[in-house]
Structure formats: structure tokens, C-alpha cells
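What the coordinates show
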Amino acid sequence: MDSKAISENVMRQIRAGHMIAAIKTLRAEHGLSLKAAKAVVEQLARSPHTSHPEPDRETREARNAHSSTNHTGMRTNAPEVPHSTLPNYVMPRRPVLPQIIGFIIVVVFLYFLLLG
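Residues numbered from 1 in each chain as written. Predicted model: local features only at pLDDT ≥ 70, side-chain atom pairs only at ≥ 80, totals over all residues. Heavy atoms only, no water.

With that out of the way, let us pick up the confidence of the model for the chain. Across the chain, the average pLDDT comes to 75, with 57% of residues at or above 70. For the chain, strand β1 (residues 68–69) is the element with the lowest average pLDDT, namely 56, and helix α2 (residues 19–30) is the one with the highest, namely 91. (pLDDT = per-residue confidence, 0-100. Helix = DSSP H or I, 4+ residues; strand = E, 2+ residues; numbered from the N terminus.)

Another point: the nonpolar core. Listed in full, the eleven residues of the largest apolar core are Ile6, Val10, Met11, Ile14, Ala22, Ile23, Leu26, Ala37, Val40, Val41 and Leu44. Elements supplying a minimum of two residues to this core: α1 (8–16), α2 and α3 (34–46). The leading source of residues in this core is α3, at four residues. Filtering out sequence-adjacent residues up to four positions away, isoleucine 14 remains in contact with Met19, Ala22, Val41, Leu44 and Ala45. (Core = buried A, V, L, I, M, F, W, Y, C linked by side-chain atoms within 4.5 Å. Buried < 20%, exposed > 50% of the residue type's maximum accessible area, 1.4 Å probe, protein only. Contact = heavy atoms within 4.5 Å.)

This part takes up α2. Compared with the 16 Å implied by 1.5 Å per residue over twelve residues, the 16 Å span of α2 between its first and last C-alpha is a close match. All of the buried residues along α2 are Ala22, Ile23, Thr25 and Leu26. Buried positions in α2, seen along its axis, are confined to an arc of 165° and lie on one side of it. Turned more than 90 degrees away from the buried face of α2, the exposed residues are Ile20, Lys24 and Ala28. Looking at the buried residues of α2, the elements they touch are α1 and α3. Following α2 by one or two positions, glycine 31 adopts a phi angle in the positive range, close to 70°. (Expected span 1.5 Å × (residues − 1). Arc of directions from axis to C-beta.)

See below:
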């Protein structure tokens, strides 16, 4: 299939990374089978003119709405959640090993103190 026959809508979807939508649109416009449409979209996605696309406005806005910086200043895609609202299993826990070692030392000390 000639790339000139591909609509701008399909090319925009490929550039935005919406491969499934591009395959659906291509199948609807040209009546291709799923396998053929997938092959065309994959080939177009690998071509040099679509390899480093500029995301469309909706994609940029969605990325900016969900991205934030964490405590180290690194950019993340996770929304910022206050520490106190996290469930207990996510909260950082104190190390347990020093507590266990301390308990064993006390038990051994008391054992030798009382019986020794």
C-alpha cells in the first residue's frame, strides 16, 4: 500500500503512538484485514518520518496533567499522593531485624543472669 494513500488521520494516530486506533481507522478506510492493516501500521511506525513524532496537544496535556516531581526532583508520571493517605502496607516500616536481635540479647542475658 502506498503511503500517500494513507490518510492524515491514520498518520497522526501513528505519530501519537495510538497503534490500535490507527489499525482500526485503516481497516475502516481501506477494508484491509487485521493482519494487513497491522503490517502497514507497523511499517509506517518504523519509517524515518514517523520515528520521533511530536505528540499532539491532547497527548502533551495528558502527560503534563499526570506528571509531577518527586522528593528528589525527578519527573514521574504518578500523581502526587500525601504520605498520610497511603495505606499501611505502603507506609515505610521500621527495620525489624534490630528489634529481633535486641530481644534475643535480652533473653540470653536474663537466662544467664537468673540461671547462671
